[in-house]
Amino acid sequence: MRNGNGVLMGATNAKDLRQLLLPFFVNGTDRRSLQLFIALMSAVIAVSLGLMAWTVVIVNGLITHFLPADLITGLGVMVDFAGWLVQSRALAVLTVLSVLAGGLAAWPLRGMNCRRRVAWLYVLGSFWLLLIVNSIIVLFTYFLRDLTNSFVARDVDSSRWGLVQIFVLLGVFVPAIYAYNFTKSAFANFWREAMTLRFFGAYLGGRFFYRLSSTGSVDGVPIDNPDQRIAQDIDKFTEKSSELFFELVDSCVSAASFAVVLITIDAWILFYVLVYAAFSTGLIAFVGRKLVRLNYVQLRLNADFRYSLTRVRDNAESIAFYGGERSEWERGVDAFFAAIANQYRVIRASSAVKSISAAFRNFSILAPYILVWSVYFKGEIEYGVFSQVSVAFSVVTRAFSFIVDNFPDIANLLSNGQRLSEIGHGFDLSVGDLETGPSLSASYAATEATLLAPGVMIHVESATLKIPSGERTLVRNLSIDLDQESRLLVVGPSGCGKTSLLRMFSGLWSSSSGVVASRGFREGVIFVPQKPYVFSGSLREQLLYPDVDLDLNQERMYALLDSVSLTSVHQTLESSEAFMDWPRVLSVGEQQRIAFARVLLAKAKFVLLDESTSALDIPTERAVYQLLRDAGAGYVSVGHRSSLLPFHDSVLELDREGGWTLFDAHDYAFPQA
């Protein structure tokens, strides 16, 4: 369901969940992939049951072989169960079933990558350890029953030995529960690693990040804070979904195990527990039904407030020059109070859920007294059974009240899943190479490069360019060919589409009609924006960006910096590998010179310059253009200064109506103010 702004407010649908979950386990996201996932999960369950059966038999054999008979009286239940497994041929059946299931699962797993096979091993190990932990808990209830009976009978020796047995059992339980918790947590972390790599790779691949930045939406759904969705929402989604999944499995296993215990005491007890759990679950679900939507909205509002703080950090100097502190305060406070107001709604809804949950949880303390009242006072059970019923009732109630106990977490999980599925609609998460990241050639793929004649770097034929999000025409029916000898200056009034034209030349924007073909980055076409991209890191990394595989020794690096008048930069550094916050260290003019150094290092054949010398003085501007000429590079420049004319052979003048005129540079004069 969508509100008036087109924001999805309902829970994540089944298709969205498949898109998020299945790529980690199988090779696709369609219905057949879902069927394969279910089949493999069934096979893993069968194999884990077989492993557990053999674990019981082997442990029982070791205990009965190495321990005296009088020391294992409390383990009678396990001894009897192990004997039943062998005598009833249940062990043989489970063994055959697990071997067949493992063999069938091995076939599709062969066609999967190593990461997916490891994921299924994590699931198998977690299931097996879960069964071991659950068996220890069931065994504990029998030890507790015998201990309680010993206390009631005032049998000191039996009570003392019962305590020893329980402590020994706890000594086994601690490493078992540690191994289980470690395995399922490591699985969640492993899942986060894979999912983050896939989302990050898809976000950067195919310039999706640029399209999202330009339009702000995917399939008409606004996408806010993609950084938060990838960095934080994936972490929360994988951690919470794996935690809830294993809790659900634990609940099912516990319910099955302790249901048998309750049936052996009185079958009506199990019936009453089921009715109790169903009623409490329904009531909590009804009261807390708004939490999913409210938590989704809270995630967005928190991200909006965080972005207001990030905006101040990224634009600190401009804000300080404008004296815009008050304006930033007002906008930030508005975002903050919106988050606070919605958080109060979340608190009201979650408090209602927690209050009802607490009431049912406290009532469960009295429930065992009521359930065993009849059979106990009739003398049909010993008092020790009461302790066993208390534990069994607690476990079975928790199992059947899974939704009640985890409703807030489920609501948060669905909200995280919804935010991830929204951004995931923009790319195919089942593609196999997302985890290796986008290649440099893929990121800078040439547009219609096969249409280019030899020697031509950019070919434009009857191309019309419009703003992607509107109907306004920037350039109409433009035809031009640019080779490595071309040096074109693009001029025109502000807002006429000069920078947009360079976006079309580089392939960032597509023409609405006509043909545009470009050699692309790998064949020597480089785009240099007015404010170059610099980042925190070493000086070497700045110069090598984006192709870090280029060979650059220190002598060559310093000579390159000297050629673009950046001698002072390397002279102040102790090492070219020193980590620096370059956006703060370098002025805009120095950043522009870094950009020209990158162009020279990459040996560009053709350069698209978007007012790339606007922060340089005239002598430095002449010097860098001369460097491009000496390197034999062609270029297209956007600029407003007449000092650029001597370095260009032709001038393309645009107007605000989509018209254009091509001049010889010697015949062009800039309009007088």
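A quick note: this is a predicted structure, and the numbers were derived from the prediction, not measured.

A.B. asks: Which parts of the structure should I look at to understand the overall build of the protein?
C.D. replies: Scanning the protein from terminus to terminus reveals 24 helices and 13 strands. Taken across its 673 residues, the protein has 47% of its residues classed as buried. Taking the intrachain contacts of the protein between residues at least 6 apart in sequence as the baseline, contacts between residues at least 24 apart amount to 76%.

A.B. asks: How should empty space enclosed by the protein be read in this particular structure?
C.D. replies: Regions of empty space are outlined by a rolling probe, equal in size to a water molecule, passed over the atoms. Scanning the model with the defined rule gives two cavities of 30 Å³ or more in all. Approximately 60 Å³ is the volume found for the largest cavity. Looking at the lining of the largest cavity, the elements that each hand over two or more residues are α1 (14–25) and α6 (156–204). No other element matches the five residues that α6 contributes to the lining of the largest cavity.

A.B. asks: Teacher, can you tell me more about the packing of helix α5 (residues 114–152) against helix α8 (residues 226–265) here?
C.D. replies: Relative orientation and spacing of two packed helices are given, respectively, by the angle between their axes and the distance between those axes. One can describe the packing of α5 onto α8 by two numbers: an axis separation of 10 Å at closest approach and a directional angle of 35°. α5 and α8 meet at a crossing whose hand is right-handed. Contacts between α5 and α8 involve S126, F127, L130, L131, N134, I137, V138, T141 and Y142 from the former and F245, F246, V249, D250, V253, S254, S257, F258 and V261 from the latter. Its residues assigned to classes, the contact of α5 with α8 comprises twelve nonpolar, five polar and one charged.

A.B. asks: Sorry if this is basic, but what is going on with the confidence of the model for the protein here?
C.D. replies: Reading predicted coordinates in detail is not appropriate for stretches of low pLDDT. Chain-level pLDDT for the protein is 82 on average; 90% of the residues reach the 70-or-more range. This model gives residues 1–12 a pLDDT under 50, and the stretch forms 29 contacts once residues within four places in sequence are excluded.

A.B. asks: Got a minute to help me understand the sheet that holds strand β4 (residues 473–483) in this structure?
C.D. replies: One key point about sheets: their strands pair by backbone hydrogen bonds, in either a parallel or an antiparallel sense. The antiparallel open sheet is built from three strands, whose spatial order is β4-β3-β6. With one partner strand each, in any of the chains shown, β4 and β6 (513–518) form the two edges of the open sheet. Along the sheet, successive strands turn relative to each other by an average axial angle of 20°, direction set aside. The strands touched by helix α18 (residues 498–506) are β3 (456–466), β4 and β6; relative to β3, the strand with the most contacts, the crossing angle is about 125°.

A.B. asks: What is the right way to read the sheet that holds strand β13 (residues 660–664) from this model?
C.D. replies: Taking strand neighbours across the sheet as the criterion, the six strands line up as β7-β10-β11-β5-β12-β13 in an open arrangement whose pairing is mixed. Two strands close off the open sheet at either side, each with one partner strand: β7 (525–528) and β13. Neighbouring strand axes in the sheet, compared pairwise and without regard to direction, differ in orientation by 15° on average. Relative to strand β12 (residues 650–654), strand β5 (residues 487–491) runs parallel, the two being bridged by four bridges. Its bridge partner lying in β12, L488 is registered against S650. Against the sheet, α18 touches β5, β7, β10 (606–610), β11 (634–638) and β12, its axis set at about 155° to β10.

A.B. asks: Help me understand a nonpolar patch on the surface, please; the structure alone is not making it clear to me.
C.D. replies: Where nonpolar side chains cluster on the molecular surface, the patch consists of F336, F337, I340, Y344 and I347 and spans about 470 Å² of accessible area. Along the chain, F336 turns up in helix α12 (residues 325–371).

A.B. asks: I tried to follow the environment of L97 on my own but got confused; where do I start?
C.D. replies: If you trace the backbone, L97 turns up in helix α4 (residues 90–110). On the basis of relative accessibility, which here comes to 44%, the residue L97 falls in the partly exposed class.

A.B. asks: Help me understand unusual backbone geometry, please; the structure alone is not making it clear to me.
C.D. replies: Peptide bonds are trans in most cases, and residues, glycine excluded, mostly fall at negative phi. With omega at 5°, the peptide bond leading from Y545 into P546 counts as cis. Its place among the elements puts P546 in the loop between α19 (539–544) and α20 (554–563). Even without being glycine, R89 reaches a positive phi, approximately 65°. Considering the arrangement of structural elements, one finds R89 in the loop between α3 (76–87) and α4. A positive phi angle is found at R154, which is not glycine, with a value near 55°. With respect to the helices and strands, the residue R154 is situated in the loop between α5 and α6. Accessibility expressed as a relative area gives 73% for R154, which makes it exposed.

A.B. asks: What exactly am I supposed to notice about the nonpolar core here?
C.D. replies: Soluble globular proteins: nonpolar side chains tend toward being buried together. Of all hydrophobic cores here, the largest spans 69 residues; its most connected members are F24, F25, W120, V123, M195, F199 and I423. In terms of residue count, α5 provides more of this core than any other element does, 14 residues in total. Apart from residues no more than four positions distant in its own chain, W120 is found in contact with F25, F37, L40, M41, V44, L109 and M112. Formed by 41 residues, the second largest nonpolar core is a distinct cluster that contains V491, A597, L600 and A604.

A.B. asks: Help me understand the pattern of salt bridges, please; the structure alone is not making it clear to me.
C.D. replies: A side chain with one charge may pair with a side chain of the opposite charge, provided their charged atoms come close. Under the defined criterion, the tally for this structure stands at 14 salt bridges. K240 is the salt-bridge partner of E243, the closest N and O atoms lying 3.5 Å from each other. With E243 and K240 both in helix α8 and three residues apart, the pair spans about one turn of that helix. You can call E243 partly exposed: its relative accessible area is 27%. Residues E330 and R326 are paired through a salt bridge, measuring 3.5 Å at the closest nitrogen-oxygen approach. In this pair, E330 and R326 are both assigned in helix α12, four residues apart and thus about one turn of the helix distant. Taking relative accessible area as the criterion, R326 reaches 56% and is therefore assigned exposed. Overlapping salt bridges bring together R311, E328 and R331 as one network.

A.B. asks: Got a minute to help me understand the packing of aromatic side chains in this structure?
C.D. replies: Geometrically, a pair of aromatic rings is defined through the distance of the ring centres and the angle of the planes. If you walk through the whole model with that rule in mind, you get 29 aromatic pairs. Here the aromatic rings of F24 and F25 are separated by 5.0 Å at their centres, their planes lie at 80°, and the arrangement is edge-to-face. The exposure classification of F24 matches that of F25, with both residues buried. An aromatic cluster is present here, built from F24, F25, F37, W120, Y122, F127, F187, F190, W191, F237, F245 and F246 joined pairwise through their rings. The ring of F190 is capped by R115, whose NZ or CZ atom sits 5.2 Å from the centre of that ring. The ring of W509 carries R503 above its face, with NZ or CZ at 4.9 Å from the centroid.

Cut-offs and rules
- Residues numbered from 1 in each chain as written.
- Predicted model: local features only at pLDDT ≥ 70, side-chain atom pairs only at ≥ 80, totals over all residues.
- Heavy atoms only, no water.
- Helix = DSSP H or I, 4+ residues; strand = E, 2+ residues; numbered from the N terminus.
- Buried < 20%, exposed > 50% of the residue type's maximum accessible area, 1.4 Å probe, protein only.
- Contact = heavy atoms within 4.5 Å.
- 1 Å grid on protein atoms, 1.4 Å probe; cavity = no way out; pocket = protein on both sides within 12 Å on 5 of 7 lines; lining within 4 Å.
- Points joined across faces, edges and corners; volume = space filled by probe spheres on them.
- Axes fitted to C-alpha atoms, helices over the stretch in contact; angles between N-to-C directions.
- Left-handed = near helix turned anticlockwise from the far one by under 90°.
- Nonpolar A, V, L, I, M, F, W, Y, C, P; charged D, E, K, R; others polar.
- pLDDT = per-residue confidence, 0-100.
- Pairing = 2+ DSSP bridges.
- Patch = residues over 30% accessible without salt bridge, like charges linked within 9 Å, V, L, I, M, F, W, Y side chains within 5 Å.
- Areas by Shrake-Rupley, 256 points an atom, 1.4 Å probe, with all protein chains shown as cover.
- Salt bridge = Lys/Arg side-chain N within 4 Å of Asp/Glu carboxyl O.
- Core = buried A, V, L, I, M, F, W, Y, C linked by side-chain atoms within 4.5 Å.
- Phe/Tyr/Trp six-rings, centres within 6.5 Å; stacked < 30°, edge-to-face > 60°.
- Lys NZ or Arg CZ within 6 Å of the ring centre and 35° of its normal.

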